[in-house]
Amino acid sequence: QVQLVESGGGLVQAGDSLRLSCAASGRTFSITNMGWFRQAPGKEREFVAAISWSGANTDYPDSVKGRFTISRDNAKNTVYLQMKSLKPEDTAVYYCARNRPTILTRRPGDYDYWGQGTQVTVSS
């Protein structure tokens, strides 16, 4: 059974940076695609970033492209989300998730394991 645990969230001001971490269990981490999603109260879950099993391919929506960077360290079973130039609209609970080693996807339903989430709050 795969377990994912996010950390690194907090309260920051607009323009600040923050790095989120997602620690994963299991020896098969290195062959799974990983993604980050976020969800604000009363809103749908939103795709943030995805990364292939090797780290060679990444995907971002326009809302975060150029500001957020997803990366992974397979030796540590950890995926990261480096967030820069944070905006108040980035405020949400951020979740990491795993899908199968296929093409990258933005659909939450394609991810089979999810972490508990970490809160990111950006004040103006």
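Residues numbered from 1 in each chain as written. Predicted model: local features only at pLDDT ≥ 70, side-chain atom pairs only at ≥ 80, totals over all residues. Heavy atoms only, no water.

Caption draft 1: Spatial organisation of the overall build of the chain. A tally of helices and strands in the chain yields 0 helices and 11 strands. Each helix and strand of the chain, ordered N terminal to C terminal, gives the series β-β-β-β-β-β-β-β-β-β-β. Scaling as 2.2 N^0.38, a compact globule of 124 residues should have a C-alpha radius of gyration of about 14 Å, and the chain matches this with 13 Å. Per-residue burial for the chain yields a buried fraction of 42% across its 124 residues. Considering only contacts in the chain between residues 6 or more positions apart, those separated by 24 or more positions represent 58%. Element-wise, carbon and sulfur atoms account for 46% of the exposed surface of the chain, whose accessible area totals about 6,600 Å². Put simply, the chain has 15 plus and 11 minus side-chain charges, and the middle of one group is 5 Å from the middle of the other. (Helix = DSSP H or I, 4+ residues; strand = E, 2+ residues; numbered from the N terminus. Rg over C-alpha atoms; globule rule 2.2 N^0.38 Å. Buried < 20%, exposed > 50% of the residue type's maximum accessible area, 1.4 Å probe, protein only. Contact = heavy atoms within 4.5 Å. Areas by Shrake-Rupley, 256 points an atom, 1.4 Å probe, with all protein chains shown as cover. Lys, Arg positive; Asp, Glu negative; His and termini not counted. Charge placed at Lys NZ, Arg CZ, Asp CG, Glu CD.)

Caption draft 2: Expanded view of empty space enclosed by the protein. Taken as a whole and assessed by the stated rule, the structure comprises 1 cavity of 30 Å³ or more. Of the voids in this model, the largest cavity is the one considered here, and its volume is about 40 Å³. Lining the largest cavity we find Val2, Leu4, Ala24, Ser25, Thr28, Phe29, Thr32, Met34 and Arg98. (1 Å grid on protein atoms, 1.4 Å probe; cavity = no way out; pocket = protein on both sides within 12 Å on 5 of 7 lines; lining within 4 Å. Points joined across faces, edges and corners; volume = space filled by probe spheres on them.)

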